[in-house]
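The lines below spell out each chain.
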Amino acid sequence: MKSRKTCLVTGGAGYVGSTLIRELLASDYNVRCIDMLIYGDKALKGLSNNPRFEFIFGDIRDKKILNSCLKDVDFVIHLAAIVGDKPCQAAPESAYQINYFGTKILGELAKKSGVNKFIFASTCSNYGISDPNSYATEESKLNPVSLYAETKIDCEKFLSSISDEKFSVVNLRFGTAYGMSFRTRFDLTVNSFAYEALTDKKIVIFSADTWRPYVHVLDMSKIILKMLEIEKNKIKGTIFNAGFTNQNLTKRNIVEILEKIIPDLVIEYVPFSEDRRDYKVKFKKFEDLTKITNSKTVNEGYREILDAFKAKILTKKDYDSNNLKALTEFFSEKKFLFDR
């Protein structure tokens, strides 16, 4: 009788997944990863010789591939998605197909195959615009202002509807990610500010007094690991804001942190932005249950990005690989993947 649990990580070659997989392996899980490698396989380099890691190239809407992926799987950690407002705007049809229909297919097959626990990566962007004088909780009204958030809300509703005693679904509404990963993203505020400050010595700040909850990519992995450990009946069908209340900051706050690291930084404030999101989030429900605290801060996130560029661990090529052109070209060239 096997004792080591097996996790299927969808989107494992991405920003969060490539960090999470290594944390899972270090915690003695078997890991199977499915990804269609929109941004290549660099993030998975070094894992191929690990006997507890298996990679499968595939689209999460391909039922044949998914059934193979789900064989003997205990837990599913569903990260695969077109992530973020601008990427979803760049490829809206594919975004809805992948983010929602892919999740629906995966959820149905995972339940049918006997998966014990299904962890879904949702987003605090679901709150959209909220009262800046109060905190959004899991019971707050959702106010999505992007296709990305709309797809996540639809996924939450569907997955919650199929959760039961045997198939435990946990929806995690993560804050705004930052920090170094094995595929570091630069469409994220902290990471983008760090790069611009280093290369241009100037950053332009839109709507400086809007709020976001920030969470380091490594802490996101630790949150998921904690949810795997908790007995499923305590969290089945539950939505959690996933992050830390003390990490709610305005853009002005995070610029002030960066200014202390780079004192000669030129800052231009612009009062308006196309991005209307503005929300503070309470993470009390998660914090009370898990008793864990953040291991990283925005200050540390800035420093690790800046140090990585100075040491040439990250280069302009890494920054450029995050552009929307790569995404739209992939959909154009690989369109057959999305017609199934």
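For the structure given in this document, a descriptive report is provided here. Sequence order as written defines residue numbering, which begins from 1 separately in each chain. Local features in this predicted model are restricted to residues of pLDDT 70 or higher, and side-chain atom pairs are both shown and tallied only at a pLDDT of 80 or more, whereas totals for entire chains, interfaces and linings draw on every residue. For side-chain calculations, the full set of non-hydrogen atoms in the structure is used, while hydrogens and water are omitted.

### Describing the pattern of salt bridges
Part 1 of the reasoning: We define a salt bridge as a side-chain nitrogen of Lys or Arg found within 4 Å of a carboxyl oxygen belonging to Asp or Glu. This model, assessed by the stated rule, comprises 18 salt bridges.
Part 2 of the reasoning: Between Asp318 and Lys42 there is a salt bridge, and its shortest N-O distance comes to 3.1 Å. One end of the pair, Asp318, is in helix H11 (residues 316–320); the other, Lys42, is in the loop between strand E2 (30–35) and strand E3 (53–57), and 276 residues separate them in sequence.
Part 3 of the reasoning: Note on Lys42: relative accessible area 55%, which makes it exposed.
Part 4 of the reasoning: Among the salt bridges present, the one from Asp288 reaches Lys284, with a minimum N-O distance of 2.5 Å. Of this pair, Asp288 and Lys284 both sit in helix H9 (residues 284–290), separated by four residues, roughly a single helical turn.
Part 5 of the reasoning: Whether a residue is buried, partly exposed or exposed follows from its accessible area with a 1.4 Å probe, protein chains only, as a fraction of its type maximum: under 20%, in between, or over 50%, in that order. Classification of Lys284 by relative accessible area gives partly exposed; the value is 48%. By definition, any uninterrupted DSSP run of H or I lasting at least four residues is a helix, any uninterrupted run of E lasting at least two residues is a strand, and each is numbered from the N terminus.

### Here's the deal with the sheet that holds E3
Part 1 of the reasoning: Here a strand pair is declared whenever DSSP counts at least two bridges between the two strands. The strand order across the open sheet built from seven strands is E3-E2-E1-E4-E5-E6-E10, with neighbouring strands paired in parallel fashion. Since the sheet does not close on itself, it has two edges, and those belong to E3 and strand E10 (238–242), each with one partner. In this sheet, adjacent strand axes meet at a mean angle of 20° when their direction is disregarded.
Part 2 of the reasoning: Looking at chain direction, strand E1 (residues 6–10) and strand E4 (residues 75–78) are connected through four bridges and run parallel. Paired with Thr10 across the two strands is His78, which belongs to E4.
Part 3 of the reasoning: Against the sheet, helix H7 (residues 217–229) contacts E1, E4, strand E5 (117–123), strand E6 (168–174) and E10, and its axis sits at roughly 160° relative to E6. Think of each axis as a best-fit line through the C-alpha atoms, taken over the contacting stretch in the case of a helix, with angles from 0 to 180 degrees between the N-to-C directions. When checking whether two residues touch, look at their non-hydrogen atoms; a contact exists if any pair is within 4.5 Å.

### Side note on the pairing of E1
Part 1 of the reasoning: Of all five residues making up E1, five are buried, and the element is well covered by its neighbours.
Part 2 of the reasoning: Side-chain alternation along E1 places Thr6, Leu8 and Thr10 on one buried face and Cys7 and Val9 on a second face that is also buried.
Part 3 of the reasoning: As paired strands, E1 and E2 are joined by five bridges and run parallel to one another. Note on E2: the bridge partner recorded for Thr10 is Ile34.

### Quick look at unusual backbone geometry
Part 1 of the reasoning: Positive phi is not limited to glycine here, since Lys201 has a value of about 60°.
Part 2 of the reasoning: Tracing the chain through its elements places Lys201 in the loop between helix H6 (189–200) and strand E8 (202–206).
Part 3 of the reasoning: Phi at Lys291 is positive, roughly 65°, even though this residue is not glycine.
Part 4 of the reasoning: One can find Lys291 in the loop between H9 and helix H10 (298–310).
Part 5 of the reasoning: In this structure Lys291 comes out as exposed when scored by relative accessible area, which is 64%.

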